[in-house]
Each structure stands twice: as structure tokens, then as C-alpha cells.
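# Results of the structural survey
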Amino acid sequence: MLLTPVSLLMPAPLQETRPVSQTGGTDAVAQSFGNLLQQKLDELNNLQQQADALTQEYFAGKVEDVHQVMLALEEANLSLQLAMQVRNKAVEAYQEISRMQI
């Protein structure tokens, strides 16, 4: 695994963003956000499935390294907690917007 040093003087470059076209701009942003959300949920699901498979292999005696199993379980758990917090913040934002008077 290659580690890059962190420096405040030389920040890491940001990802390139594509300009949103004037026609259908909100549709493109919504679709882009939807695709990103779906991709991250798929990654979360894969982490959960990998942790489950590793646990089953450990119980079957195929994997002897309990640390590997525990790391996979903890990574899946932390990812799920993060997803739940993002969901909670999104629900809070929606509720706050719905309470606004126009």
C-alpha cells in the first residue's frame, strides 16, 4: 500500500468536475447524485457480504486468522454506521426545509 505524505503547503489536487449544462442542469445533477448514492450503497453491501463470507469461512475452519475476520466485520460495521448518519442528516435537512415558510 502506497502512502502519500500529507502537507498543508501542497494540498492534494481535487477531482475534475464536469460543468453542468444550462439545459436540464438540475436533472443532470440529480442523476449524478443518484448514481453516486447507488454506487456507495453497492460498496456498503459488498463490504457486508464480504464480512459475512469471511465469518462463515472462519466458522467452517477455512480461515484461521481471526484478526482478518474482525477487521472485515469492523470495517463493515463502521461503513454501516456512516451510512446511517448520512441518512439521518439527509432526513433532518428535508424536515428543516419542509418546515420553512414560503
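Our subject is the structure listed above.
Because the structure is predicted, anything quoted here is derived from the model rather than measured. (Residues numbered from 1 in each chain as written. Predicted model: local features only at pLDDT ≥ 70, side-chain atom pairs only at ≥ 80, totals over all residues. Heavy atoms only, no water.)

Here we take up the side chain of Thr55. Here Thr55 lies in helix α1 (residues 25–60). The class of Thr55 is buried, set by a relative accessible area of 15%. Those residues in contact with Thr55 that lie beyond four places of it in its chain are Val69 and Leu73. (Helix = DSSP H or I, 4+ residues; strand = E, 2+ residues; numbered from the N terminus. Buried < 20%, exposed > 50% of the residue type's maximum accessible area, 1.4 Å probe, protein only. Contact = heavy atoms within 4.5 Å.)

All right, on to the nonpolar core then. Side chains that are nonpolar tend, in soluble globular proteins, to be buried together. With six residues, the main nonpolar core is built from Ala51, Leu54, Val63, Val69, Ala72 and Ala76. Of the residues forming this core, the biggest block, three residues, is contributed by helix α2 (residues 66–99). Every residue in contact with Ala51, bar those within four places of it in the chain, is listed here: Ala72, Leu73 and Ala76. (Core = buried A, V, L, I, M, F, W, Y, C linked by side-chain atoms within 4.5 Å.)

Let us look at a nonpolar patch on the surface. There is a patch of nonpolar side chains on the surface, built from Tyr58, Phe59, Val66, Met70 and Leu73 and spanning about 470 Å² of accessible area. Counting only elements with at least two residues in the nonpolar patch, the list comes to α1 and α2. Examining the composition of the nonpolar patch, we find that three residues originate from one element, α2, more than from any other. Of note, Tyr58 is situated in helix α1. Judged by relative accessible area, which is 33%, Tyr58 ranks as partly exposed. (Patch = residues over 30% accessible without salt bridge, like charges linked within 9 Å, V, L, I, M, F, W, Y side chains within 5 Å. Areas by Shrake-Rupley, 256 points an atom, 1.4 Å probe, with all protein chains shown as cover. Salt bridge = Lys/Arg side-chain N within 4 Å of Asp/Glu carboxyl O.)

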